Structure formats: C-alpha cells, structure tokens
Amino acid sequence: MEEKRFAIVTGGNRGIGLEICRQLASNGVEVILSLRYQSRGEDVVRKLKDSGMSNVIFRQLDINDPSSITSLAEFVKTHFGKLDILVNNAVESGMIINEKEFVAGGGFLQVSDEKAHLLTNIIKEPYELGENCIKTNYYATKAVTELLIPLLQVSKSLRMVNVTSGYGHLFWFHNEKLIEELLDIDNLTEERIDEIIQWFLTDFKAGKLQESGWPLTVSAYKVSKAAINAYTRLMARKYETILVKCVHPGYVMTDMSFQTGTLTVEEGAKGPVMAALLPNNGPSGVYFHETQIASFSPMEYATFVKAFYEGK
Ligand SMILES: NC(=O)c1ccc[n+]([C@@H]2O[C@H](COP(=O)([O-])OP(=O)(O)OC[C@H]3O[C@@H](n4cnc5c(N)ncnc54)[C@H](OP(=O)(O)O)[C@@H]3O)[C@@H](O)[C@H]2O)c1
C-alpha cells in the first residue's frame, strides 16, 4: 500500500491556495489547509467536505507569527510524524489599489514601469505596506520553511513549492550588476539577499527607486518575489534531498487581482500542484511559468514568455 503523503498549504482559505488544497486532496494527499484566522476554517473545510474532499483538515497559521508556526509544526509532528509537501502560497501585495480604475484599465495588464507616472492614482505603495509585504512574502515564508524542514526531512519524497510571481522575475529589474549578482547562485548567500533587501527598503523610503534600477511599479512585491526565487535556488543548492521550485501560477482571477486575471483558480493552481507532485527524479531549484520550466535569465525569459503567449 502506498504511504500517505501530508501537505501544508499556507494561505489556504481563498484564491489559488484554496484551489491548491482542493487539487492536492483530489490527488490523494492528506492536506493541512492552513489559514490566518482560525474562525474561518470550519466553513472553508466544510465546503470542501461537502464537495467530497474528506482528506482536508485546517489549522491556524499566521506566517508572521513564529509561535503559530511552532504550534503547527508540533501538531504535524505529533499527529503525522512527517511532512511531504510544503506549499508556500500566502501573500501580502504591499499595495493599495483603486479598484474601479484598476479594473477599468485592465488590471495588472496596464502596469509597466514606462507608465509608472500614469498609475500613481491607481496603485499606491506606501512604505509601511511595502515593508510588510517583504516581511510576509520573504522573511515569514523563510521562517515557515526553516521550522518545517526537520519534518520534511523525515519524508522519503519531500517537495517544496514557493508560489512566486512573474513579477518577481529579474526581467523587471533595471540594474544589470544586481541582476548578475542575483543570478550568480554559486556565490549568492542569504546574508547578501538581506543586504539587497535593506538597500531596496532604504531607496524605497527615500523615493529613489530609479537611481538604483529597482522596479518602479509594484516594487516591494517584485523585490519580495525575486528574493523568494533566489532563496528557492539557495535551498536547492543546500538540500539535495528536497525538490524545491518556484512557480508562477499565471495571471489568475482572485481577490489580489480583483478578479481581473486571465486564468481561473483551477488553471492557476495547476502549476503549483504539478510541481508538488513531480516524481523523485524531478527537477529542483527551477522556475515554472505555469506548468513549463523557464529560465531565471531576463533575456531568455523574455523570449520564453513571447513564445508562451503566442502559442496560447
Ligand atoms: N492572482 C494572481 O494573478 C497571481 C499572479 C502571480 C502570483 N500569484 C501568487 O499566488 C499566490 C496566491 O495568490 P492569490 O491571488 O490567491 O492571493 P489572495 O487571493 O490575495 O490570497 C492571499 C492569501 O494569503 C493569505 N495571507 C496573507 N497574509 C498571511 C499571513 N500573514 N499568514 C497566513 N496567510 C496569509 C490570505 O489570508 P487572509 O484571507 O487571512 O487574508 C489569503 O489566504 C501568492 O503567492 C501570489 O503572489 C498570484
């Protein structure tokens, strides 16, 4: 008989995270749907149970709260003894969006650094929200990962999926030296990523994004996801036994996109779920654009993306 596989999905109560839970469960995985507010869990899991999913339970997890991560790790250790799949999906956008104008203009499809000056009334990025975005998307994701690694190492087929974004691709950065540094995965360190983040936050606070070649739009979110992509590669280098990937789900109809995405949540969850279920000889330290592997290099990615959307 096949051994049971256990998965944790962060931010599992809505959007792509909820659908990842649903698709993992329908593939026979025992899913721990984790969510920030305990009070919402019963309702979410009851709806999944009503649709025939009996292998989903919920646990509270605010990824910004170390004690909540520890108690989830203890729960998994006591009840299951191991963890096979971790999907880091929870996200803060770091933006305040004027919904009406954002939706009318085509959602994120209208966003480019060339048009940054036209977007100032549509997307606002206050420093505190940007800082919190990096704290959640990068540092809290790292904290969850690090506290759960001992449980993942008990598994015979451990998988980690960091749900990233096309916006985290270095394609959006304008500083060649920084791009080179972030691509040089043999020499990059977590300490250097911290320094780069501090450098960004200093420039962000001082309103000096252009001077250092940072993304001018959706800036903190892009930096947080670029940091996660680099971390994914460092993890793959450090832990040969963990298959770790970052996956851009596509542009998906969720609350974050104010339902302006071009993909349904079912389509958006496909890439992360596929990456979570790849066989033991599957790739590690790679970037998936939906379900296809793409390069970390901006030039190659630009070519890939052009062909990808032309082929659709
Ligand atoms: N939608 C897209 O087009 C798109 C495109 C590219 C990448 N992505 C990526 O896909 C993933 C899911 O995005 P989505 O569109 O589904 O987002 P979403 O609908 O905004 O959902 C975000 C989820 O993250 C949770 N969350 C936020 N802060 C948390 C915290 N401190 N602790 C635990 N949970 C927390 C939210 O919980 P609450 O309900 O409690 O707020 C919610 O469940 C993200 O990593 C995002 O970057 C999405």
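Residues numbered from 1 in each chain as written. Predicted model: local features only at pLDDT ≥ 70, side-chain atom pairs only at ≥ 80, totals over all residues. Heavy atoms only, no water.

Draft legend 1. Looking closely at the packing of aromatic side chains. Counted according to the given criterion, the structure contains 22 aromatic pairs. Taking 5.9 Å as the distance between ring centres and 70 degrees as the angle between the ring planes, the aromatic pair formed by Tyr287 and Phe296 counts as edge-to-face. Judged by centre distance (4.9 Å) and plane angle (80 degrees), the ring pair of Phe308 and Tyr309 falls under edge-to-face. Tyr309 gets classed as partly exposed once you look at its relative accessible area, which sits at 40%. Between the NZ or CZ atom of Arg59 and the centre of the ring of Phe75, over which it lies, the distance is 3.8 Å. Here the basic side chain of Lys222 rests over the ring of Tyr167, its NZ or CZ set 4.8 Å away from the ring centre. (Phe/Tyr/Trp six-rings, centres within 6.5 Å; stacked < 30°, edge-to-face > 60°. Buried < 20%, exposed > 50% of the residue type's maximum accessible area, 1.4 Å probe, protein only. Lys NZ or Arg CZ within 6 Å of the ring centre and 35° of its normal.)

Draft legend 2. Quick look at the packing of helix 7 (residues 190-205) against helix 9 (residues 219-238). In the contact formed by helix 7 and helix 9, the axes pass within 10 Å of each other and the chain directions differ by 175 degrees. What the angle tells us is that helix 7 and helix 9 run roughly antiparallel. On helix 9, the residues that touch Glu190, Ile193, Ile197, Phe200 and Phe204 of helix 7 are Ser219, Ala220, Val223, Ala227, Ala230, Tyr231, Leu234 and Lys238. Here the residues of the contact of helix 7 with helix 9 sort into 10 nonpolar, 1 polar and 2 charged. (Axes fitted to C-alpha atoms, helices over the stretch in contact; angles between N-to-C directions. Helix = DSSP H or I, 4+ residues; strand = E, 2+ residues; numbered from the N terminus. Parallel < 35°, antiparallel > 145°, perpendicular 65-115°, else oblique. Contact = heavy atoms within 4.5 Å. Nonpolar A, V, L, I, M, F, W, Y, C, P; charged D, E, K, R; others polar.)

Draft legend 3. Molecular detail of the state of the cysteines. Applying the stated criterion to the full structure yields 0 disulfides. In this structure Cys133 is not part of a disulfide, and its nearest cysteine sulfur, from Cys246, lies 16 Å away. Exposure remark for Cys133: the relative accessible area of 0% places this residue in the buried category. Owing to a relative accessible area of 0%, Cys246 belongs among the buried residues under this scheme. (Disulfide = S-S within 2.5 Å.)

Draft legend 4. Inspection of the site of the ligand at higher detail. Around the ligand sit 29 residues, and of these Asn13, Arg14, Arg36, Tyr221 and Thr254 come closest. Interatomic distance of 2.8 Å between a backbone N/O atom of Asn89 and an oxygen atom of the ligand. At 3.2 Å, a backbone N or O of Val91 approaches an oxygen atom of the ligand. When the ligand is considered free in solution it has 900 Å² of accessible area, and contact with the protein chains removes 96% of it. Secondary-structure elements contributing two or more residues to the shell around the ligand are helix 1 (15-26) and helix 9. Looking at the shell around the ligand residue by residue, the classes come out as 12 nonpolar, 10 polar and 7 charged. (Near = heavy atom within 4 Å. Polar contact = N/O pair within 3.5 Å; in protein donor to acceptor, adjacent residues only side chain to side chain. Areas by Shrake-Rupley, 256 points an atom, 1.4 Å probe, with all protein chains shown as cover.)

Draft legend 5. Here's a closer look at the packing of helix 5 (residues 127-152) against helix 9. One can describe the packing of helix 5 onto helix 9 by two numbers: an axis separation of 7 Å at closest approach and a directional angle of 20 degrees. Judged by the inter-axis angle, helix 5 sits roughly parallel to helix 9. The hand of the helix 5/helix 9 crossing is right-handed. Residues Gly130, Cys133, Ile134, Asn137, Tyr138, Thr141, Lys142, Thr145, Glu146 and Ile149 of helix 5 form the contact with helix 9, whose own contacting residues are Ala220, Tyr221, Val223, Ser224, Lys225, Ala227, Ile228, Tyr231 and Met235. Here the contact of helix 5 with helix 9 is built from residues that sort into 11 nonpolar, 5 polar and 3 charged. (Left-handed = near helix turned anticlockwise from the far one by under 90°.)

Draft legend 6. Molecular detail of the pairing of strand 2 (residues 30-35). Within strand 2, 5 of the 6 residues are buried, leaving the element largely enclosed by the surrounding structure. Relative to strand 2, strand 1 (residues 6-9) is paired through 4 bridges, and the arrangement is parallel. When the bridges of strand 2 are listed, Val9 appears paired with Leu33. After leaving strand 1, the chain enters helix 1 and then returns to the sheet as strand 2, a path that is right-handed. Relative to strand 3 (residues 56-60), strand 2 is paired through 5 bridges, and the arrangement is parallel. Each residue of the ladder has a partner; that of Val31, found in strand 3, is Val56. Where the polypeptide runs from strand 2 across helix 2 (residues 41-50) and back to strand 3, its parallel neighbour, the crossover connection is right-handed. (Pairing = 2+ DSSP bridges. Right-handed = clockwise from strand over helix to strand, strands pointing away.)

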